[in-house]
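Below are the chains, spelled out letter by letter.
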Amino acid sequence: MSARVVTISATYGTGGSSVGPAVADRLGLRFVDRAVPELVAGEIGCTLEEALAHDGRAESGIGRILAGAARLPTVALGMDVYIPDHGFVPPEEFVERTESVITRMAERGGAVLLGRAAAVVLAGREDALHVRLDGPRERRLARAIAAEPPEASGPPDRDVERMLEDNDRARTAYVKHFYGVDPADPRLYHLVIDATRLPASATADLIVGAARAF
């Protein structure tokens, strides 16, 4: 029996947003990315950014990092919907609701889930394959720059490098703060791939093969 749930933790520049949908399509599963924050925000009427804005920790290390991450378009922390006038919602409630949504989606016929510490949330599921996409920083940066649309003045290399640094910092902070683990720890995953050495299609092939043999 193949895995009915696949979680993908993808660092910036490893093509997670391309690999995830390809894996889901070939396995006949739902791909889940933007849907999670929208559902959570709809349930509690507050995004993680809004929750952190009313949390005292926003004035110190973790709060600043996570609140800043809320403004990064490529960080999958759940900041897509803003519903004002809800009042104070602790960030922990947002994370708990996110876990609940991830669990429900895994139970309803399976899914391919990108980001949001899904490998940690679903660590106890026997039918879940957990995958990590990573690679050397220099190669991830080169891939991210190559993916940028060309401009008259050339690619904005420094902007992309800053985005990579911000994404790496924010994603690591999120997982470490709320779950007490390092998302780069290979023990969290069944399969770790250097996705900077392969085209997205080959990376998807490896994950699909592993899921079918799981």
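Residues numbered from 1 in each chain as written. Predicted model: local features only at pLDDT ≥ 70, side-chain atom pairs only at ≥ 80, totals over all residues. Heavy atoms only, no water.

A separate point is the overall build of the protein. Each helix and strand in the protein was counted, giving 9 helices and 5 strands. Mapped in sequence order, the helices and strands of the protein form the string β-α-β-α-α-α-α-β-α-β-α-α-β-α. Relative to its 214 residues, the protein shows a buried fraction of 45%. Restricting to contacts in the protein with at least 6 residues of sequence separation, those with at least 24 account for 78%. (Helix = DSSP H or I, 4+ residues; strand = E, 2+ residues; numbered from the N terminus. Buried < 20%, exposed > 50% of the residue type's maximum accessible area, 1.4 Å probe, protein only. Contact = heavy atoms within 4.5 Å.)

Across all of its chains, the model carries 1 cavity of 30 Å³ or more by this definition. Roughly 40 Å³ of internal volume is contained in the largest cavity. What lines the largest cavity is simply Val 32, Asp 33, Val 36, Ile 102, Leu 113, Leu 114, Gly 115, Arg 116 and Ala 118. (1 Å grid on protein atoms, 1.4 Å probe; cavity = no way out; pocket = protein on both sides within 12 Å on 5 of 7 lines; lining within 4 Å. Points joined across faces, edges and corners; volume = space filled by probe spheres on them.)

Interhelical geometry of helix α5 (residues 91-107) versus helix α8 (residues 157-179) gives an angle of 95° and a closest axis separation of 12 Å. The angle between α5 and α8 places the two elements in the roughly perpendicular class. Listed contacts from α8 to Pro 91, Glu 92, Val 95 and Glu 99 of α5 are Tyr 174, His 177, Phe 178 and Tyr 179. (Axes fitted to C-alpha atoms, helices over the stretch in contact; angles between N-to-C directions. Parallel < 35°, antiparallel > 145°, perpendicular 65-115°, else oblique.)

So, about the nonpolar core. In terms of nonpolar packing, the biggest core is built from 20 residues, with Val 6, Ile 8, Val 23, Val 131, Leu 133 and Ile 207 touching the most fellow members. Secondary-structure elements contributing two or more residues to this core are β1 (5-10), α1 (16-27), β3 (111-114), β4 (128-134) and α9 (200-213). Aside from chain neighbours lying at most four places away, what touches Val 131 is Val 6, Thr 7, Ile 8, Ser 9, Tyr 189, Leu 191, Ile 193 and Ile 207. Counting 15 residues, the second largest nonpolar core, distinct from the first, contains Val 36, Ile 44, Leu 113 and Ala 118. (Core = buried A, V, L, I, M, F, W, Y, C linked by side-chain atoms within 4.5 Å.)

Within the chain, Arg 116 stands out as a residue other than glycine whose phi angle is a positive 60°. Relative to the assigned elements, Arg 116 resides in the loop between β3 and α6 (118-121). The class of Arg 116 is buried, set by a relative accessible area of 5%. A positive phi angle, close to 55°, is found at Ala 117, a residue other than glycine. When you line up the elements, Ala 117 lands in the loop between β3 and α6.

The quantities given are spatial measurements derived from coordinates; they are silent on function.
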